[in-house]
Amino acid sequence: MIRVVTKPGQPAAAAIQQVLGELDPQLRLVRAAPLEGGASAQVTAIDAVGPDGRMCNLVLRQYGPANLRTDPQSAAHEHHLLTLLHQAGLPVPRPWHADESGTILPGPYLVAGYIDGEPGNTPRLIATPPPAFTRQLAVALASLHKVGVRPADAPFLTAIADTASHLMGTCPTHLDEALNEAAVRGALARMGPPPSVNDGVILHGDYWPGNTLWRDGMLVGLIDWEDAQTGDPLADLANARMELCMLFSLAISDEFTSDYLALMPGLDLRALPYWDLYAGLRHAGRMGEWGLSPAELIRLQAGHREFTERALTRL
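So, here's what we can say about the structure. Because the structure is a prediction, the values reported are computed rather than measured.

**Things to note about the overall build of the protein chain**
Moving on, step 1. Looking only at helices and strands, the protein chain features eleven helices and eleven strands.
Moving on, step 2. Relative to a compact globule of 315 residues, whose C-alpha radius of gyration would be 20 Å, the protein chain shows 20 Å and is just as compact.
Moving on, step 3. The proportion of buried residues among the 315 residues of the protein chain is 49%.
Moving on, step 4. A separation threshold of at least 6 residues defines the contact pool for the protein chain, and within that pool the share at least 24 residues apart is 69%.
Moving on, step 5. The positive charge centre, built from 23 side chains, and the negative charge centre, built from 34, are 3 Å apart in the protein chain.

What follows is the structure in structure tokens.
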């Protein structure tokens, strides 16, 4: 019996079966249900069975307007990037199929393997993070930055320095006082264009515990690659540092940083204050859209301010 849990916009069972037919005509749909995929994409978990009776667990990602405005070929490009990273041995979803024709579903989509695990920001996992938690986060990020996939291998990815310059050149009418946006913008403006002090690498673009998957205390997956870019590895490091400070404390953030830097000898840290502040600026004006409880919003805002205030004192 086919079981399909639906929500507005999710494809019907017949359409999902057609998608499976593009992968393997002998795959048969067993179950489909929506996954949390953020505002930028609609994500569906699919269980299918092959002719030998083996289950095949997949994820269908349908790209939203924001993704497609930025990159109309989001599906093909993410498929290409995941192929490179999966072949290099990183724990990313195995890409199966990308389609941009619009003949089955109304827009581009990607089918990739499902990684069984729970997000790293699950309350049970982050309540008392042991040292192994930050060490594994650091190992995974350093592995990405040293994997050997070059920016030239994924020329469709944007440079994070260009994104940073655009964000600095687009000032909102109302600044986010809760996140000290005026001081952060002022400091970045005084520092000038984004510095380039390290060789460019493939960046995850939104590296934080919520984009990692864990099983039995082990990090088993790196997911959500729609924000991938190229540039200084310090940009990924800074974003993770900020997120860990918001979720836990400056001490946990510093512990992660030490673990990462031990794996990346020779990294030039002169531009870290810039990327710390840029990471902070990315959240300005956005936290209120995350659906947080008032108490959780206040807690994360306080952690954010603590992180950026220290970055400002270190300029």
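Now that the structure has been shown, the text picks up again.
**Let's talk about the side chain of Asp71**
Moving on, step 1. One can find Asp71 in the loop between helix H2 (65-70) and helix H3 (74-87).
Moving on, step 2. There is no salt bridge for the buried Asp71, and the closest opposite charge comes from Arg61, which lies 12 Å off by N-O distance.
Moving on, step 3. Within the structure, Asp71 has its side chain in polar contact with the backbone nitrogen of Gln73 (distance 3.0 Å).
Moving on, step 4. Among the polar contacts made by the side chain of Asp71, one reaches the side chain of His77 at a distance of 2.6 Å.

**Points about the sheet that holds strand S10 (residues 218-222)**
Moving on, step 1. On the basis of which strands lie adjacent, the open sheet formed by three strands has the order S7-S9-S10 and antiparallel pairing. The open sheet is flanked by strand S7 (118-119) and S10, the only strands paired with a single partner.
Moving on, step 2. When strand S9 (residues 212-215) meets S10, the two strands line up antiparallel, connected through four bridges. Directly across from Leu213, in S10, lies its bridge partner Gly221.
Moving on, step 3. Sheet strands touched by helix H5 (residues 131-145): S9 and S10. Its angle to S10, the strand with the most contacts, is close to 35 degrees.

**Quick look at the pairing of strand S6 (residues 109-113)**
Moving on, step 1. Judged by how many residues are buried, S6 sits mostly within the fold: five of five residues are covered.
Moving on, step 2. The pairing of strand S4 (residues 55-63) with S6 spans five bridges and is classified as antiparallel. By the bridge assignment, Gln62 is partnered in S6 with Tyr109.
Moving on, step 3. Here four bridges tie strand S5 (residues 95-99) to S6, and the two strands are oriented antiparallel to one another. For Ala98, the partnering residue across the bridge sits in S6 and is Leu110.

**Let's talk about the packing of aromatic side chains**
Moving on, step 1. All chains considered together, the criterion is met by five aromatic pairs.
Moving on, step 2. Between the aromatic rings of Tyr274 and Trp275, the centroid separation amounts to 5.1 Å while the plane-to-plane angle is 80 degrees, which identifies the pairing as edge-to-face.
Moving on, step 3. For Tyr274, a relative accessible area of 2% gives the class buried.
Moving on, step 4. Counting every residue linked through ring pairs, the aromatic cluster contains Phe133, Trp214 and Phe248.
Moving on, step 5. Just above the ring of Trp96 sits the side chain of Arg94; from NZ or CZ to the centre is 4.5 Å.

**A look at H3**
Moving on, step 1. The terminal C-alpha atoms of H3 lie 20 Å apart, and with 14 residues this matches the ideal 20 Å at 1.5 Å per residue to within 8%.
Moving on, step 2. Buried within H3 we find Ser74, Ala75, His77, Glu78, Leu81, Leu82, Leu84 and Leu85.
Moving on, step 3. Structurally, H3 contributes buried residues whose contacts are with S4, H2, S5, S6, H5 and strand S8 (201-203).
Moving on, step 4. At the exit of H3 stands Gly89, carrying a positive phi of roughly 100 degrees.

**Observations concerning the environment of Leu105**
Moving on, step 1. Along the chain, Leu105 turns up in the loop between S5 and S6.
Moving on, step 2. Ignoring anything within four residues of it in the chain, the contact list for Leu105 reads Pro11, Ala15, Val19, Leu60 and Gln62.

**Here we look at helix H10 (residues 272-282)**
Moving on, step 1. Within H10, eleven of the eleven residues are buried, which leaves it mostly tucked inside the rest of the structure.
Moving on, step 2. Taken as a whole, H10 has its buried residues at Leu272, Pro273, Tyr274, Trp275, Asp276, Leu277, Tyr278, Ala279, Gly280, Leu281 and Arg282.
Moving on, step 3. Buried residues along H10 sit in contact with helix H6 (160-168), helix H7 (181-191), helix H8 (233-247) and helix H11 (294-313).

Rules of the game
- Here the residue index of a chain counts from 1 through its sequence in written order.
- Only residues with pLDDT of 70 or above have their local features reported here, since the model is predicted, and side-chain atom pairs are shown and tallied only from 80 upward, although totals for entire chains, interfaces and linings are computed over all residues.
- As a convention, hydrogens and water are excluded, and side-chain values are obtained from all of the structure's heavy atoms.
- Put simply, DSSP marks the helices as runs of H or I at least four residues long and the strands as runs of E at least two long, and each gets a number from the N terminus on.
- Our radius of gyration looks at C-alpha atoms and nothing else; its globule reference is 2.2 Å times the residue count to the power 0.38.
- For every residue, the accessible area (1.4 Å probe, protein chains only) is compared with the maximum for its type, and the residue is labelled buried under 20%, exposed over 50%, or partly exposed between those bounds.
- For this analysis, residues touch if any pair of their heavy atoms sits within 4.5 Å.
- When charges are counted, neither His nor the chain ends are considered; positive counts come from Lys and Arg and negative counts from Asp and Glu.
- Every charge is mapped to an atom, namely NZ of Lys, CZ of Arg, CG of Asp or CD of Glu.
- Should a side-chain nitrogen of Lys or Arg be within 4 Å of a carboxyl oxygen of Asp or Glu, the pair is scored as a salt bridge.
- Whenever two N or O atoms come within 3.5 Å, that pair is a polar contact, provided that in protein one can donate a hydrogen and the other can accept it, and provided that, for residues adjacent in sequence, both atoms are side-chain atoms.
- Strands qualify as paired when DSSP identifies two bridges or more between them.
- For helices, the fitted axis covers only the stretch in contact; all axes are lines through C-alpha atoms, and the angles between them, taken along N-to-C directions, range from 0 to 180 degrees.
- Working definition: a ring pair exists when centres of Phe, Tyr or Trp rings (six-membered ring for Trp) sit within 6.5 Å. Plane angles under 30 degrees give stacked, over 60 give edge-to-face, the rest tilted.
- Should the NZ of a Lys or the CZ of an Arg lie within 6 Å of a ring centre and within 35 degrees of the ring normal, that charge is described as sitting over the ring.
- Expected span, for any helix, means 1.5 Å times one less than how many residues it has.

Keep in mind that these numbers describe shape and distance, not what the molecule does.
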